[in-house]
Amino acid sequence: MKQVFTALALGTLFVGAPALADAEVGKPAPTFTLKDESGKEHTLAQYKGKVVVLEWTNPECPFVQRHYKNDTMVTTLKGFDAKKVVWLAVDSTAHNTPEKSAAWKKDEGFPYPVLQDASGTVGKSYGAKTTPHMYVIDEQGVVRYAGAIDDDPRGKNAKPANHVKTAVDAVVGGQQVPASTTTPYGCSVKYKS
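Residues numbered from 1 in each chain as written. Predicted model: local features only at pLDDT ≥ 70, side-chain atom pairs only at ≥ 80, totals over all residues. Heavy atoms only, no water.

If you check an unreviewed UniProt entry, the protein chain appears there as PPO candidate 1 from Myxococcus xanthus.

Right, dumping it as structure tokens:
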């Protein structure tokens with residue numbers, strides 16, 4: 001019961017329908033230039049030729065905490081060819097700082113950067129609504145998947161279907177993504193008001 005109240009207090013959001021975002025499947029992904037937790041700049045253009053996974057995140061969100069406790073993101077990333085796939089976390093939380101992201105990354109021990117978007121500009125350009133909210137962009141910069149990390153919002157399934165793994169495997173294999181949009185779940189993105 002305590003977890004329910006905590007989740008509600010943090011603004012938990014179950015989105016009832018697939019998100020209508022500016023980052024539409026089948027269209028070019030919005031460009032961006034963001035610095036990571038160490039101050040290094042990243043642009044979408046620099047990753048042209050690779051599949052890019054964008055993960056909207058917020059370490060304060062119970063859904064994100066569950067996925068990191070279970071190593072969902074790192075395990076998914078390990079299943080990909082590092083020469084072909086790049087994983088970028090994006091934190092659009094208004095009160096986040098690079099120092100907080102660096103501390104969280106160190107605690108969790110994951111290898112990918114946490115892009116800093118406290119203004120929310122990039123998050124809003126993608127239509128990111130929840131944490132986590134996932135996007136898969138192909139080698140030409142076209143959005144090929146938008147939605148949830150998996151089909152298990154409550155964390156009850158022994159073997160959840162990982163939508164991002166399915167999407168990336170399809171893109172790398174030159175196939176159509178079977179379900180190019182799914183309903184994202186998690187906490188609402190805490191944009192600057």
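Read on for the rest.
A. Examining the overall build of the protein chain more closely. A count of helical and extended segments in the protein chain gives six helices and ten strands. The buried share of the protein chain, reckoned over its 193 residues, is 48%. The long-range share in the protein chain, meaning contacts at least 24 apart out of those at least 6 apart in sequence, stands at 77%. Approximately 9600 Å² of the protein chain is accessible, and the part contributed by carbon and sulfur atoms is 54%. (Helix = DSSP H or I, 4+ residues; strand = E, 2+ residues; numbered from the N terminus. Buried < 20%, exposed > 50% of the residue type's maximum accessible area, 1.4 Å probe, protein only. Contact = heavy atoms within 4.5 Å. Areas by Shrake-Rupley, 256 points an atom, 1.4 Å probe, with all protein chains shown as cover.)

B. Layout of the packing of aromatic side chains. Applying the stated criterion across every chain, the model contains ten aromatic pairs. Ring centres of W56 and Y135 lie 5.6 Å apart, and the angle between their planes is 80 degrees; this geometry places the pair in the edge-to-face category. Separated by 79 residues along the polypeptide, W56 in strand β4 (residues 51–56) and Y135 in strand β8 (residues 133–137) bring together distant segments of the chain. The class of W56 is buried, set by a relative accessible area of 0%. For Y135, a relative accessible area of 0% translates into the label buried. Plain terms: the ring middles of Y126 and Y135 are 5.4 Å apart, the flat faces sit at 70 degrees to each other, and that makes the pair edge-to-face. Put simply, the rings of Y68, W87, W104, F110 and Y112 touch in pairs and so form one group of aromatic residues. (Phe/Tyr/Trp six-rings, centres within 6.5 Å; stacked < 30°, edge-to-face > 60°.)

C. Quick peek at helix α6 (residues 163–172). Those residues of α6 that fall on the buried side of the exposure criterion are H163, V164, A167, V168, A170 and V171. All buried residues of α6 project into a common sector of 160 degrees when viewed along the axis, lining one side. Buried residues belonging to α6 abut β4, α3 (72–78), β5 (85–91), β8 and β9 (143–147). The residue sitting at the N-terminus of α6 and contributing the capping side-chain oxygen is N162; that oxygen lies 3.1 Å from the backbone nitrogen of V164. A positive phi of about 75 degrees marks G174, the residue just after α6. (Arc of directions from axis to C-beta. Polar contact = N/O pair within 3.5 Å; in protein donor to acceptor, adjacent residues only side chain to side chain.)

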